[in-house]
Each structure stands twice: as C-alpha cells, then as structure tokens.
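Topology and contacts: notes
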Amino acid sequence: MKTMRQSTLTTLGIGPVLGFFRNGGPPESTESLVDAVFGPEGDRGALVISGGNGIVGSGKAMQLGSRLLEYGVPVVTLDLPDAPDGIGGQYGGLKASFGRETANEIMANIVRLNYGGKELPPALAKFNPRFVLEAVPEILPIKRAHYELMRGAFPDAEIRSVTSGFPGSELGVGILHPSFPHPINKVWEVVEDEPSAITRLFWSLGLVPVPVADYWSFILDVLFCGVTLAALRYQRASNMPFWKVDKYVRRLVGPNPFRAHDAIGPGASFLTWSCLHHLAEQYGDLFAPENQLVRRKESGESWYSSNRPTVDWELADEDEFNAWMLGPLFQMTSLMLHEQRAHLSHMNAIGELCAQFTKGIVATARNTGADEVIRRVETYHRLHPDAKNGTWHPEEFDRMDTPEWKQLYVNAEHDGEAGAITLGRESLNWDVIHELDRAIDWLKEERIDRVVLTGDFHLTTQLVGADTSEFYPALHDREQSYKMSKAWSETARRFNDEFALSVGFINGKRCLGGMLELLMHCHYLVADQSAQLGMPEVTLPVLPGMEGCHWPLRRASREQWPRLLAILLGGRFVRAKDTAGWLTDYAGPFADAVAVVGKLLSGGDHGLRRRPLAEKSFEVPAEARELPPAESPAAEAARKAVMDCIRASCAAPLSEALVVQARHSAEFMVSQTCLRGAIGASYSKTMDV
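How each quantity is defined
- Residues numbered from 1 in each chain as written.
- Predicted model: local features only at pLDDT ≥ 70, side-chain atom pairs only at ≥ 80, totals over all residues.
- Heavy atoms only, no water.
- Helix = DSSP H or I, 4+ residues; strand = E, 2+ residues; numbered from the N terminus.
- Buried < 20%, exposed > 50% of the residue type's maximum accessible area, 1.4 Å probe, protein only.
- Contact = heavy atoms within 4.5 Å.
- Phe/Tyr/Trp six-rings, centres within 6.5 Å; stacked < 30°, edge-to-face > 60°.
- Axes fitted to C-alpha atoms, helices over the stretch in contact; angles between N-to-C directions.
- Parallel < 35°, antiparallel > 145°, perpendicular 65-115°, else oblique.
- Left-handed = near helix turned anticlockwise from the far one by under 90°.
- Nonpolar A, V, L, I, M, F, W, Y, C, P; charged D, E, K, R; others polar.
- Expected span 1.5 Å × (residues − 1).
- Polar contact = N/O pair within 3.5 Å; in protein donor to acceptor, adjacent residues only side chain to side chain.
- Domains from an automatic or database assignment.
- Buried area = accessible area lost by both parts, 1.4 Å probe.
- Salt bridge = Lys/Arg side-chain N within 4 Å of Asp/Glu carboxyl O.

Digging into the environment of alanine 637
In this fold, alanine 637 is placed in helix α25 (residues 633-650). By relative accessible area, alanine 637 is classed as partly exposed at 30%. Spatially, the C-alpha atom of alanine 637 lies 46 Å from that of proline 328, the residues being 309 residues apart in sequence. The residues contacting alanine 637, other than those within four sequence positions of it, are Phe668 and Thr673.

Below you can see the structure in the form of structure tokens.
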C-alpha cells in the first residue's frame, strides 16, 4: 500500500482504509474485541469506573454503558458514600437519546458501589473486574494509592486513567483522556506503548481514540489551557473584561475560554491551573499560571459576572491582540511538534473536535505561513519577555511543504490497482478542497483510475456539509461567494470527469449538504443503510452551492424527481435505505455495502447499473408535490430561490450548469433573506464584536 502520508488508522493498528474494501471490513470485529478485553460470552468481566459519580466518571459510564449493553458487559461504578449522585443526573440524557425503555436497560446494567477510599468493597470481586477506568481527583498520591488497591485485588485487570495532566510515566498506568462534554464527545487521547485491544475496541464501538505521546497535559489541555492563559495575559495587559476578551478570542480562533470554564463548573479553574502549573515546572514561564487563575483555583469563582456591564469595549490594536493570542499558541505548537506529541492530523483535529478551534492549530499555522508564525511569536516575546525563557522551536515550521503538513484533512492511498481518498474532517472548507485537489493529482500521477471517496473511518463519524464559517467572507461579497461555489463544484466534478471509475461511500451516521453533493459526483454512491442523508440548506437558508440543485436530478428518472425536490425544498433527512436507485446506487448493511464497493473497485460482479448523467437541458415542474407549507415568509423565500436555481440550472446543458448554479448561489448568499437567517446571525454573533 502506498500513501500520501500515514493513515491515522494505522496509528491504532487498524488501517489502511482501502484494506476494508479489499478484505470485506475491518480486521477485527467488535465481538472479538469485547472477548479480548472482558472475556468470552458467559464469563464476561466488568468495566469498573472509579470516581463514577463525578462529571467525567458518570458521563463515561453512560457513553460506554450504552455501547457495551448488547455485549453483556456489566458496568460497576465506585465512589465515596457522600459523593453527589452524578449517575442519576445522566438519566434524562439517556432517555432523550435512546428512549425510556433502552435508558432503563442501560441504567439497570450499571451497578453502583460505595467505598471509603482505603479498602475496596468485597462485593466488587463477584463482578470480576477486567478493565478499570480511573476518574478520581487530580491528586497524584490519591491516584497512585488507588492503583495499588486495584492491583492488589485484581492483578490481571487493565487500568487506564482519565487524567488530563499527569503523564503515564508519573502514574504508572496508561492514559485514556476523554474530551468534554463527557456524555457525548467521542474523542479520547490515548497513551500506551502499543495499540491495545482496549483502544481498538473503543474505535469499533464508534468512539475516536487518538494516540498521543506521554508528555505533561497531552495535547487538548495544552491547547485549551494555553488559549485560556493567552486570554488571561491579554486581559491583564489591556484591562478588558473577561466577557469581551472571550468575544475577540472567539472571532480569532473559535473558543470562548472563560465561558467554557463557567459551563464546565467550579472545578474547571483548578484543572486548568493544575495543567499549567505542571507545564510551567517542565517548560518555564510560557505556561506559568496568571494570578487571576491562581485565585479562582480554590474559590471556584465564575469568570462571567452576573451584573456584566453593557458598556462596549473597543479593541485598541488588533495586531497586538493577535500577537498576545497567536504568539503563545504558535510557540506551544512548536514545542508539541518538536516533541512529536502526535500525528499532525491528530494534533490538528484535537483542536477542532475538542477545544472548539474554528481551524486546528496546525492548519492555522500552515495558513499563516512560517515567516508570519515566527513574526507573531517574536512580537509576543516583546510584549511578554519572560516567555522567551520557554521552549521555542521555530525550525519546526520549516517542514510545511511535507505531505504531513499539506494533507491534514485528506489522505490518499492505493495498492497499484485502485485508490482511496479519505476525508478526515466532518465539514468542508477551503483547506479540504485544496487537499482534495492534491490527492486527486497524486493518484493520477500514480496512474490510478479507480477510486473510492469516503470518510476516514476514524476522525469523521459523520459528514455534516460545509463549514458555514467559510461563508462569512462571502455574505457581503457576491464575487467571493461565486468563487467558492464555482471552485468547490469544479473539484467535485473531477470525480466524475477524471477517473474511469469513482465510488462515493457513506459510512458515518449522516451525510449532509455539501458533503453529500461532493460524494454524489462519483459514478456510484454506496451507503450504509442506517445513515441519514439530507440537504438542509433551505433551513439555514443558503442555496446548495456544489451542484445539488441539478446534479441528482440529472441522474434520477423523472418519476423520482418529487423525492429529490422534497429533500431540496423541505430540508428533510431520509434514511439511506430508502434512497437506492434515485439518490444512492446501493444502500445496505455495513458489511454488504463494503463488499459492494470492493466489487466495484475490482471489477467483480456487483450487480449495479451505472445511472447515466443527463448532459442536455431539461425542464423541471415548478412545484414539488406533497411539500408542507413553509413555516415563515423567509422559509418561503428560500424555497423559491432554491426552486429558481433548480429550474435554471436544469434548463442549461451540463457544460453550463455549474456556472448557472454558482451565480444563483452567490446572488442568494448576499440577499437579506440569507443575512437574516442562521448563518447571518452566526456571522453577527462571531464577527460583529
């Protein structure tokens, strides 16, 4: 197998992706991995969560308990008798996600035991603990004493810590550090010598384990605590209120660090202080906690005042603010790069999926350019000279021309006969488009003319459409909007025009909007039958900008058009299993769908007929049947704009339709209907500070 850069799946001992289609699926089943971790059916051991009533422990009891229920793995939580009932507080979320009956079954499979902290309860032994997930307080002696208890009683049990700061070398156990919010975020930073069955089981259960190196605070907390510290230092220098600093930080990089601390709860400031305190001991003043944080680590005082003043606060010098924020973040990134803390795609994804960065820190540095990154850090050193004594590795940014830097979101691989292009980001942006073009170019240079386009089976558990923050520059610039729609559509068309065979494969829980438009440009579209498909643009409202208004109609029979119009005009989601023959070419159980893609790539007997693409112009009825009334005048205006685009782009030949649709998309993007909708509101909230 030849790859543009290392597949992230290979870091888990699973990949490559193309092997799934060649071999009929992943190398190990969930059932075999459950057996490996918890023992065979009929003799299953338990998952034990120490500190199970805490925020982390209770959240992970729900997340793991819901996934392990069907495999007969009991979940045992262990906590102090006077610990607040965190488990009971999770029941409402379970009901909302699974319904009352299944929620009751999950809760019934969770056994809650109390202990005094120094001796394990005798009842624990009858559950045969096989895997212990430790979520006790972030105090090193307490954690170590707990491991001694567990190892003394259950020497064969695997132990992992959810610590957000201590490395495994200090703890003596492996790390599974989960992201907040704990019941729903699927990302876990993993520290272990080799990919274990536990890590592969987590992946098989639909979670997102991300291997990281064994350094203090790992990656998520370096980024999140780092952006908090940068905001604190700017606040001290400017005297701007915390809430206003948050707004500027959000506009620049994405997170609201102070608001996030208040949302997490009083203990968040202690955890941030703890991470920064230990990082400062290792690396110097670059990470030294600010006095405001030191005060709040004990008091738990909130950052947002209840009587927040309404007077506005202007940013005096934007370049200086950017230096205060990006300078330390780039310097911290250079340290993590120097230490090789993770695969670059992993490091980048953690910022986006966990720390709420609009773009990952590696992508931000790449888009900034090496010279400008260094200038930002040097400016920061003039503003805060003590940071010069921290670790700074400017040479790390000299590697931006390598595939690891250039392909953060999109990878390509081939076996000499067929190739795979994998998407490692859930939403489309300009970075993904440029990386797609490079991946296509690479496969063509390698003389590969049969390709599957799919999510990467790792960092993307769904494909949700376009990153709407990319629309912000286009909301007031018609030509910018036109450029985006035209260029993104041209990249999508390459899958139709430049390969002898292309297959789009939908393997996540949903595929929406621009991502669906991208994949439907392939000659065949194959889906896991449980996936949800949809075109929600009309609800935002924007127009489908990647040929969604005419491309699917050109591939479907006239009698199927009402179904497509209902999706386009109603914003409805449909199950993939109901779309075969008019939106997808095949939708079935995951294993069967993978097998169909494998046969398509190898030229085997797949039984599918390639649906033709109408190149001539044609007329579309003015209205869609069976469409409920629009909910508002804005929704009605959006429907009309979508319908006008459908009729105009279908009335043009294929050779002209791309430009026609791009022009319609651009005109609507700058309209008052769009500006007053969800995207316009998000723009105002984020950019109009």
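Section: the packing of aromatic side chains
Taken as a whole and judged by the stated rule, the model has 25 aromatic pairs. Between phenylalanine 495 and phenylalanine 499, the aromatic rings sit 6.1 Å apart at their centres with planes inclined by 25 degrees, giving stacked as the arrangement. Accessibility expressed as a relative area gives 0% for phenylalanine 495, which makes it buried. Each member of the aromatic cluster is reached from another via a ring pair, and the members are Phe20, Phe21, Trp203, Phe457, Phe505 and Phe590.

Re the packing of helix α12 (residues 267-283) against helix α13 (residues 291-299)
Axis separation between α12 and α13 bottoms out at 8 Å; the angle between their running directions is 130 degrees. By the angle class used here, α12 and α13 are oblique. Considering how the two elements wind past one another, α12 and α13 form a crossing that is left-handed. Taken together, the residues of α13 that come into contact with α12 (itself represented by Ser269, Phe270, Thr272, Trp273 and Leu276) are Leu293, Val294, Arg296 and Lys297. In terms of residue class, the contact of α12 with α13 is made up of five nonpolar, two polar and two charged.

Thoughts on helix α19 (residues 430-445)
Here α19 spans 23 Å end to end across 16 residues, near enough to the 22 Å set by a 1.5 Å rise per residue. For α19, the full list of buried residues reads Trp430, Asp431, Val432, Ile433, Glu435, Leu436, Asp437, Ala439, Ile440, Trp442 and Leu443. One side-chain oxygen at the N-terminal end of α19 lies 3.1 Å from the backbone nitrogen of aspartate 431; it belongs to asparagine 429. A positive backbone phi angle near 60 degrees is found at arginine 447, which sits one or two residues after α19.

Description of the domain arrangement of the protein
Each assigned domain of the protein is listed here: domain 1 (45-211), domain 2 (219-306 + 314-404) and domain 3 (409-686). Taking only C-alpha atoms into account, the centre of domain 2 sits 36 Å from that of domain 3. Between domain 2 and domain 3, the residue contacts involve 14 residues of the former and 13 residues of the latter. Here domain 2 meets domain 3 over a buried area of about 1,000 Å², counting both sides, of which 41% is carbon and sulfur. When the buried surface of domain 2 facing domain 3 is broken down by residue, Arg250, Lys359 and Arg366 rank first, second and third, together holding 41% of it. Counting across the domain 2 and domain 3 interface gives five salt bridges. Of the charged contacts, one joins lysine 359 and aspartate 431 as a salt bridge, the two residues approaching to 3.2 Å between their closest N and O atoms. Listed by contribution, the elements that provide at least two residues to the side of domain 2 that touches domain 3 are α10 (242-252), α15 (344-353) and α16 (361-368). Tallied by class, the residues present in the side of domain 2 that touches domain 3 amount to three nonpolar, six polar and five charged.

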